[in-house]
Structure formats: C-alpha cells, structure tokens
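Residue-level structural notes
Here are the chains, one letter per residue:
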Amino acid sequence: MSTARIHWISGPVLRARVPAASEGPFAMREAVRVGPQGLLGEVVRLHGDEIAVQVYEDTTGLRPGMTLHGDGLPLAIPLGPGLLGRIFDGLLRPLAGLDSAFVAAGLRRGAAREFAFTPEVRAGERLGGGQVFGHVRGDAAERLAGLAGAAVEPPPQACLVPPDAAGDVVDIAPAGRYADTQPLLTLRQADGRERRIAMTHPWPVRTPRPVRARLASNAPLVTGQRVLDSLFPVALGGKAAIPGGFGTGKTVLLEALAKGARADVIVYLGCGERGNEMAGVLEEFPQLVDPRTGGPLMQRTVVIANTSNMPVAAREASIYAAVTVAEYFRDQGLDVALMADSTSRWAEALREVSGRFGELPGEGGYPAYLASRIADFYERAAVVDTLAGARGSVSILGAISPPSGDFSEPVTSHTKRYVKAFGALDVKRAQARFYPAVHPLQSYAEDAEGFAAWWAAQGNADWVALRRRFLTLLDDQARLERMARIVGKDALQ
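Presented here is an overview of the structure given in this document. Quick caveat, the model's predicted, so the values are computed rather than measured.

1. What to know about the overall build of the chain
When you go through the chain residue by residue, the secondary structure sums to 11 helices and 28 strands. Compactness check: the chain gives a C-alpha radius of gyration of 24 Å against a globular reference of 23 Å for 493 residues, within 12% of the reference. In terms of principal-axis extent, the alpha carbons of the chain reach across some 90 × 55 × 40 Å. Counting contacts in the chain only where the partners sit at least 6 residues apart, residues at least 24 apart contribute 69% of the total. If you sum the accessible surface of the chain, you get close to 21,600 Å²; carbon and sulfur atoms cover 53% of it.

Written out as structure tokens, the structure is:
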C-alpha cells in the first residue's frame, strides 16, 4: 500500500511527500484515504516525491504530519440494483436510511442490501464484458409503498458482468435472495485466473463505460413540455443546455422534465444547488405517481444531492458520478435522462479548487481546461449498441446559471459548442409569469429537422413546415417591434 505524509493543506487541497520506504508509487487519479478518519480523496498531480490530493470530504481537523494511503485503484463508485428509488450524495453514498442525519466521515458505501436473484446463464457458457448473467427484483416497491399510488413492483434489473471482465462460467448461484455484495458468478479468464462477480461492481467515474458502437439518433426525447417538444426538441441520446439568470425557473423546469420525460430511468443531479431547493425535490419526488406504472415515480429515479454547503470538491466529482450511474442503466438497454442542475456550480468548484492549486486562471478566472471538462461530460451522452447487444441511450439536459444572465460568459459559450439543443430562459418572460420562460428567438435545436420522419409516424407530416412558419412569424413580430420603437407608433399609422 502506497503511503505519504501531509506537509501542506489548504481547504480541500493538500500536498504530501512519499517517503522512500513507501511500498509503491502513486498514480494519477488514484483514490486515497486521508488521515485517521480515512477521508476520500483523489491524486490529481504528481511531481517527484510529492503528490497533490483533492479531498472530497470536510478536511477540518487535518494537519501536516498526518498520513494518507493509496487504494491502488482509481476513484470508483458501486453500481448495482440498489440505486433506483434512493437518494445519494455526490460520492454516491446514501443520504437516507442511516443511523445518523449525517454521512459518517470516510464512508465509502452504504450497507449491503438483499435482492431476489434469478440466474440467466449456466456453467460452461462463455460471457463477455457487459453481458447479462442474471436478473434481480429489488425492494423498491416495499420501501416506497404508500407514498404514491399503488405499490407496483418495478421490472427486474439486469445483473451485468463488469465491462473489464470476460471468461467461461465456472459456477453461478441458484435462484434466491442474496446481498448485493455477495459473489454469485465465477469466471475463468483467459489467463487462467478466476474472478468472482457480485450483483454490484465498482467502476471509475472518470472512465466512460465501453460500448459496441455509437448510433445516430432519429427520434426526440419527449419531455412533456410543449415549447421544447414542438419547437426545440432534444434528441434521444442527445445533449441540451438550459441557461437562465436568477429567478427564470431553471430548477422548476428541470424538475418538470424529470417528471414528464419519456425515459425508462431518471437521474436527477442537484450540483451545488441551495439546500431548500433540494429539500423540496427530496420531499416532492417520493409523492409523485408515475403515469406509466401507477406506482411511485421514485421507483425509476436516482437522486444525487450535492448542496452548496457540502464540500466543494465533492461537487466536482458528483457530475461524473451521475453520468456513470446513467451509463450503467444504459448498458441494461434502457433510455436514461440525466438532469444536471447546474453545471455552472460545477464549473465554480473547478475554479475554486484550481485556484488553491495555484494554476494560472483563464477566461473569467476558470481553469484553462474548462472547455475540455465540459466536453468530456456532454460527450458521454449517446444512443449506443451496448456490449450485451441491446440498444440504450443517455440524454443529458444541463442547466446553466450565467452571472447576470450573460450568455457570453465562459460556461455558457463553451457549452454551446458541444450541445445541439439550447433552451434559453428569459428574465422578462419569467417576470411576466410566462413559464417555462423559454425565449423562442434565442433558443435553437440543430437536430430538429431530422425528426421529420418521427413526427410523420405520429400523424403530423407537416411538423417541419409548421415549426418553420411559427418561428418566422415570431421573428417578424420582433422585427416590427424594433421598427416601431425606432420610428415611433405615430409613423406606423
């Protein structure tokens, strides 16, 4: 186990020296345990015998001289059947069902949970990475019974072989109830070694899960909001940005999209949002009835809450945890919608941590790598052919909070380079109580005309022409209003 000793610390950032007696070197992005409480951190810089670590928990009480230990593996989160219907923090640690109202320092994951397992393979078969070896039925209906509608049992979830594993099935557990951390499948790999696999497996949050192929999208993600579906549709497996100043209704709109989007699984990420807003989400979502099943909407929802008073470094990790969870359900052949509220708070966390590292600031004080980080996040949205041969998708809808509603600021301008749909929220429309306050002349959808065949199949063959005509009329109205302001109303009579 690699060890190092802290010699400098500033907020969530620390530097440590690796003694010559350490058992091995550290690696970039390696997860570490810091101090006597084992706080979760990640190596972000290597320089000679010194490492820089970003700590994702409160560093109060840490001091120079304390030691940290490397895990030898990158920062990862557990993926398995115990995700749906639950609420987590930015490091995917459960926020409900604990003995305390607070997450214990150094906690890596919650307690093991039991599920009813049904095997789908037999000994002697060969399995590749990402393939299905069984199905489970969870306890979501039992936990959410009585909260909304009837307690309808959700469909079974697939148990997947980790993408980095493959081999011949040596043995597999019979049908029954097992803990999600209990090994159920044994594979003999090509090198002759055996690997035991449970329902839940870890995956590095910064590494996209592999797929067979990325596919083109020719259908929209139906959101339930007419102004978006009719004028500015978001592609299934596509990327959309929803920028707006303070009070324009970004959070309310994303909550509405989470409730009405036609997706199999919803991942809702509150990244750096105010605590009272997230409290409203956590209180309201379990009460909502899913129109598709009649059961609680939470049965197909994962909520990741990272409020503004939580450690700022964890905000940076939360967005990767959310998209990794979305990819896990995508690999089961499901359509997943990820609502990120908001990416501006995530960028602010990057800026704060970058400043503590002493990095040269770029535009707006953000780090020079802001654009590449935004691209890394949004490019994980796609329609794919999974390793198991199914078709799944991840659609990302990210809110942006530009200061003073200025869409030329760095986060908004960089995001526009990587998204195909842009739903700009207007302050004046919001002040007039016109919700959702989407401005039709500042918004756009580059893929819109590619959905003509889909709309024709729904019985509206004239959708493209009607949409173009409607937007033209709105543009003519705005032009006439500008002319009237210049020449005066009397000159128009």
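Now, onward.
2. A word on the pattern of salt bridges
Within the structure shown, the criterion is met by 25 salt bridges. Residue glutamate 348 is joined to arginine 345 by a salt bridge in which the shortest nitrogen-to-oxygen separation is 3.9 Å. Within this pair, glutamate 348 and its partner arginine 345 are both found in helix H6 (residues 343–357), separated by three residues, close to a single helical turn. The exposure class assigned to glutamate 348 is partly exposed, which follows from its relative accessible area of 27%. Judged by its relative accessible area of 18%, arginine 345 is buried. Across the pair glutamate 352 and arginine 356 runs a salt bridge, and its minimum N-O distance is 3.7 Å.

3. Quick word on the side chain of glutamate 57
Following the sequence through the fold, glutamate 57 ends up in the loop between strand S5 (50–55) and strand S6 (67–74). For glutamate 57, a relative accessible area of 7% gives the class buried. Polar contacts involving the side chain of glutamate 57 include one to the side chain of arginine 93, which spans 3.1 Å. Look past the residues within four positions of glutamate 57 in its chain and what remains in contact with it is Gly38, Leu39, Leu40, Leu91, Arg93, Ala104, Ala105, Gly106 and Pro311.

4. Focus: the sheet that holds strand S4 (residues 39–47)
Working definition: the strands of a sheet are paired by backbone hydrogen bonds and lie parallel or antiparallel to each other. The strand order S1-S2-S5-S4-S3-S6 describes a closed barrel built from six strands, whose pairing is antiparallel. On average, adjacent strands in this sheet sit at an angle of 45 degrees to one another, irrespective of strand direction. Two elements, S4 and S5, share six bridges in a ladder whose sense is antiparallel. The residue bridging glutamate 42 from the neighbouring strand is glutamine 54, located in S5.

5. Structural notes on unusual backbone geometry
Cis geometry marks the peptide bond from aspartate 341 to serine 342, where omega comes out at 0 degrees. Here serine 342 lies in the loop between strand S24 (335–341) and H6. For the bond running from tyrosine 435 to proline 436, omega is -10 degrees, close enough to zero to count as cis. Along the chain, proline 436 turns up in the loop between helix H9 (427–431) and strand S28 (444–445). Positive phi, close to 60 degrees, is recorded for leucine 92, a residue that is not glycine. Positionally, leucine 92 belongs in the loop between strand S8 (86–88) and strand S9 (114–119). Residue class for leucine 92 comes out buried when judged on its relative accessible area of 2%. Here the phi dihedral of serine 404 falls at roughly 60 degrees; this positive angle occurs in a residue that is not glycine. Judged by its relative accessible area of 82%, serine 404 falls in the exposed class.

6. A look at helix H11 (residues 463–487)
In an α-helix, one turn spans 3.6 residues, which is why side chains three or four residues apart end up on the same side. For H11, spanning 25 residues, the distance from its first C-alpha to its last is 36 Å, which sits close to the expected 36 Å at 1.5 Å a residue. At its buried positions, H11 is contacted by helix H2 (226–231), S28 and helix H10 (452–457). Two residues or fewer after H11 comes glycine 488, characterised by a positive phi angle close to 90 degrees.

7. Focus on the sheet that holds strand S14 (residues 176–179)
Taken in spatial order, the four strands line up as S12-S11-S9-S14 in an open sheet, and their pairing is antiparallel. This sheet does not close on itself; its edge strands, each paired only once, are strand S12 (157–160) and S14. Across this sheet, the average inter-strand angle for adjacent strands is 45 degrees, counted without regard to direction. Both strand S11 (residues 132–137) and S12 contribute to a ladder of four bridges, which runs antiparallel. Looking at the pairing, histidine 135 lines up with alanine 158 of S12.

8. Notes on the pairing of strand S21 (residues 239–243)
Along S21, five of the five residues are buried, which leaves the element largely enclosed by surrounding structure. Burial along S21 is two-sided: the residues Lys239, Ala241 and Pro243 and Ala240 and Ile242 are all buried. Pairing analysis gives five bridges linking S21 to strand S26 (residues 391–400), with the strands arranged parallel. Each bridged residue has a counterpart across the sheet, and for alanine 241 the counterpart in S26 is glycine 398. Here S21 runs beside strand S27 (residues 421–422); their pairing, made up of two bridges, is parallel. The residue of S27 that forms the bridge with alanine 241 is phenylalanine 422.

Scoring rules and cut-offs
Residues numbered from 1 in each chain as written. Predicted model: local features only at pLDDT ≥ 70, side-chain atom pairs only at ≥ 80, totals over all residues. Heavy atoms only, no water. Helix = DSSP H or I, 4+ residues; strand = E, 2+ residues; numbered from the N terminus. Rg over C-alpha atoms; globule rule 2.2 N^0.38 Å. Contact = heavy atoms within 4.5 Å. Areas by Shrake-Rupley, 256 points an atom, 1.4 Å probe, with all protein chains shown as cover. Salt bridge = Lys/Arg side-chain N within 4 Å of Asp/Glu carboxyl O. Buried < 20%, exposed > 50% of the residue type's maximum accessible area, 1.4 Å probe, protein only. Polar contact = N/O pair within 3.5 Å; in protein donor to acceptor, adjacent residues only side chain to side chain. Pairing = 2+ DSSP bridges. Axes fitted to C-alpha atoms, helices over the stretch in contact; angles between N-to-C directions. Expected span 1.5 Å × (residues − 1).

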